[in-house]
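Breakdown of the fold
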Amino acid sequence: MKLTHQLNVIEQAGTEKEAENYQFRQFLYQQNSADIDVIVHELDAAITPQVDCTACGNCCQSLMINVTPVENERLASHLQMPVAEFTQQYIETSLQGDMIVNTIPCHFLQNKCCTVYEYRFQECRTFPGLHLPDFTGRLFSTFMHYGRCPIIYNVTEQLKQRLQWQYQPADTDS
Ligand code: SF4
Ligand code: SF4
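Residues numbered from 1 in each chain as written. Chains lettered and ligands numbered in written order. Predicted model: local features only at pLDDT ≥ 70, side-chain atom pairs only at ≥ 80, totals over all residues.

Re the site of ligand 1
Applied cut-off: Residues are classed as near a molecule or strand if the C-beta position derived from their backbone is within 6 Å of it. The residue classification treats Ala, Val, Leu, Ile, Met, Phe, Trp, Tyr, Cys and Pro as nonpolar and Asp, Glu, Lys and Arg as charged. All others, Gly included, are polar.
Looking at ligand 1, the residues that line it are Cys 60, Ile 65, Cys 106, Phe 108, Leu 109, Cys 114, Val 116, Arg 120, Phe 121 and Cys 124. Residues that form the shell around ligand 1 fall into these classes: 9 nonpolar, no polar and 1 charged.

Have a look at this one:
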């Protein structure tokens, strides 16, 4: 399968296909979640190895990253900083009371690469999460990144084809 890698093309599609993707999400909500997972997992397994994240880094520029206390301590230790100092410098508490990285883009991103890769947080490791169950339960958050993440973009476009789904634009004449 031919993939699209150009970030500018994907970003433009994110804008131009907003209505189309909204309609596709409504369609997906009505499908059997387990059946969709089988296809998404297959597409993800085929597409993700072909995408070079080091040429992108878009998730690190746009995600709000939750951090667990264990991850906080582990990265502080790696950077040879006291935990309190590390926390003050890099972490804040969200409105929901969770620990989050206090800047977007992330502090640890340099030239599209993670400078603490071995110690990155679980949320960084999991994104975009297309290998997880219940894809249709996460459509809103996944499609938020359609125009930024080449993996999500290509899996979505291939999924439309596999399901033989066609966009039906609203009839603007009536
Ligand atoms: S810790 Fe690394 S992988 Fe995670 S958001 Fe920051 S730069 Fe990206
Ligand atoms: S946005 Fe997607 S393709 Fe880009 S670095 Fe993140 S996971 Fe990789």
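After that view, the rundown keeps rolling.
Brief notes about the site of ligand 2
Around ligand 2 sit Val 51, Cys 53, Cys 56, Gly 57, Asn 58, Cys 59, Phe 127, Pro 128, Arg 148, Cys 149, Pro 150 and Ile 151, and that is every residue in its neighbourhood. Grouping the amino acids of the shell around ligand 2 by side-chain chemistry returns 9 nonpolar, 2 polar and 1 charged.

Remarks on the environment of Ile 65
Here is the rule: Where helices and strands are cited, they refer to DSSP runs of H or I of at least four residues and of E of at least two residues respectively, numbered from the N terminus. Exposed residues have 12 or fewer other C-beta atoms within 10 Å of their own C-beta, buried residues have 20 or more, and partly exposed residues fall in between, where C-beta atoms are placed from the backbone. The contact criterion used here is simple: two residues whose C-beta atoms, placed from the backbone, lie within 7 Å are in contact.
Within the secondary structure layout, Ile 65 lies in the loop between helix H4 (58-62) and helix H5 (69-78). Under the C-beta neighbour-count criterion, Ile 65 is labelled buried, with 22 such atoms within 10 Å. Linking Ile 65 and Gln 122, residues 57 residues apart in sequence, is a C-alpha distance of 9.0 Å. Beyond its immediate chain neighbours, meaning those up to four positions away, Ile 65 contacts Ile 100, Val 101, Cys 106, Phe 121, Glu 123 and Cys 124.

Quick notes on unusual backbone geometry
The amide bond that connects Ile 104 to the next residue, Pro 105, takes the cis arrangement and shows omega of 0°. Here Pro 105 lies in the loop between strand E2 (99-101) and strand E3 (109-110). With an omega dihedral of 5°, the bond running from Phe 127 to Pro 128 counts as a cis peptide bond. With respect to the helices and strands, the residue Pro 128 is situated in the loop between helix H7 (122-126) and helix H8 (139-143). The backbone of Gln 80 shows a phi angle near 55°, a positive value even though the residue is not glycine.

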